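# Architecture at a glance
These are the residues of each chain, in order.
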Amino acid sequence: MTLGRAVSIGVAQALALIPGVSRSGSTITLGLFEGFTREEIARFSFLMSTPIIFGAGLIKLPKMLHEMSTGGGPVTWAGLAAGFLASAIVGVAVIRWMLNWLRTRTYAVFAIYRLSLAAVIVVLWLAGKR
């Protein structure tokens, strides 16, 4: 992958700052337009999420540690460890499943889901259901 292609996919990732835009959807869509295989760009998109997730954790960590030390929050060390372990196991399992899915299938089901949900939200919004 060239630096230019990596930067363009990073810019596509930044589109997720717009409400309703999927981070992985935008990076995968651009990667497919740039000629990557479904599996290659999905793997790259998953890797690109690592710094984002790590950064979000760093931002939340001081407040959570303060609450844990003062007893002011519902999180305990055991709860923190259990949550970390569960999210790691489920995350690895889902990424493996998704990569296996993409070896033989397309993203069509995910696109249909996103468009259907968007249509429902627009109808509810226009009906005044907020």
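Heads up: these notes are all about the structure in this document. Keep in mind that what you see is a predicted model, and the values were worked out from it rather than measured.

A word on the pattern of salt bridges. Under the criterion given, the structure shown has three salt bridges. Here arginine 43 and glutamate 39 are joined by a salt bridge, their closest N and O atoms 3.1 Å apart. Residue arginine 43 and its partner glutamate 39 are located together in helix α3 (residues 38-70), separated by four residues, close to a single helical turn. The exposure class of arginine 43 is partly exposed, given its relative accessible area of 39%. The salt bridge involving glutamate 39 is made with arginine 103; its shortest N-O contact spans 2.8 Å. Here glutamate 39, found in helix α3, pairs with arginine 103, found in helix α4 (residues 77-104); they are 64 residues apart in sequence, far enough to count as distant. You can call arginine 103 partly exposed: its relative accessible area is 44%. Connected via shared salt-bridge partners are Glu39, Arg43 and Arg103.

With that settled, the discussion passes to the nonpolar core. By size, the foremost hydrophobic cluster in this structure holds eleven residues: Ile9, Ile28, Phe36, Ile41, Ala42, Met48, Met98, Leu99, Trp101, Leu102 and Tyr107. At the level of secondary structure, the elements contributing two or more residues to this core comprise α3 and α4. Apart from residues lying up to four places away in sequence, tyrosine 107 is in contact with Ile28, Leu32, Arg38, Ile41, Ala42, Met98 and Leu102.

To continue, consider α3. Given a rise of 1.5 Å per residue, 33 residues ought to cover 48 Å, and the 47 Å separating the end C-alpha atoms of α3 matches this to within 8%. Looking only at α3, the buried set comprises Ile41, Ala42, Ser45, Met48, Ser49 and Met68. Its buried side turned inward, α3 meets α1 (3-14), α2 (23-33) and α4. Looking one or two residues past α3, glycine 71 carries a phi angle of roughly 75°, positive in sign.

Between its terminal C-alpha atoms α4 stretches 41 Å, which fits the 40 Å expected from 28 residues at 1.5 Å a residue. The set of residues buried in α4 consists of Met98, Leu99, Trp101 and Leu102. Against α3 and α5 (108-126) lie the buried residues of α4.

Side chains of Phe54, Leu58, Leu61, Leu65 and Trp77 sit close together on the surface and give an oily, nonpolar patch of about 520 Å² of accessible area. By residue number, the principal contributor to the nonpolar patch is α3, which donates four residues. If you trace the backbone, phenylalanine 54 turns up in helix α3. Overall, the relative accessible area of 56% leaves phenylalanine 54 in the exposed class.

The next subject is the packing of α1 against α2. Where α1 contacts α2, the axes come no closer than 7 Å and their chain directions differ by 150°. At the point where α1 passes α2, the crossing takes the right-handed sense. Where α1 abuts α2, its residues Ser8, Ile9, Ala12 and Gln13 lie against Arg23, Ser26, Thr27, Leu30 and Gly31.

Parameters at a glance
Residues numbered from 1 in each chain as written. Predicted model: local features only at pLDDT ≥ 70, side-chain atom pairs only at ≥ 80, totals over all residues. Heavy atoms only, no water. Salt bridge = Lys/Arg side-chain N within 4 Å of Asp/Glu carboxyl O. Helix = DSSP H or I, 4+ residues; strand = E, 2+ residues; numbered from the N terminus. Buried < 20%, exposed > 50% of the residue type's maximum accessible area, 1.4 Å probe, protein only. Core = buried A, V, L, I, M, F, W, Y, C linked by side-chain atoms within 4.5 Å. Contact = heavy atoms within 4.5 Å. Expected span 1.5 Å × (residues − 1). Patch = residues over 30% accessible without salt bridge, like charges linked within 9 Å, V, L, I, M, F, W, Y side chains within 5 Å. Areas by Shrake-Rupley, 256 points an atom, 1.4 Å probe, with all protein chains shown as cover. Axes fitted to C-alpha atoms, helices over the stretch in contact; angles between N-to-C directions. Left-handed = near helix turned anticlockwise from the far one by under 90°.

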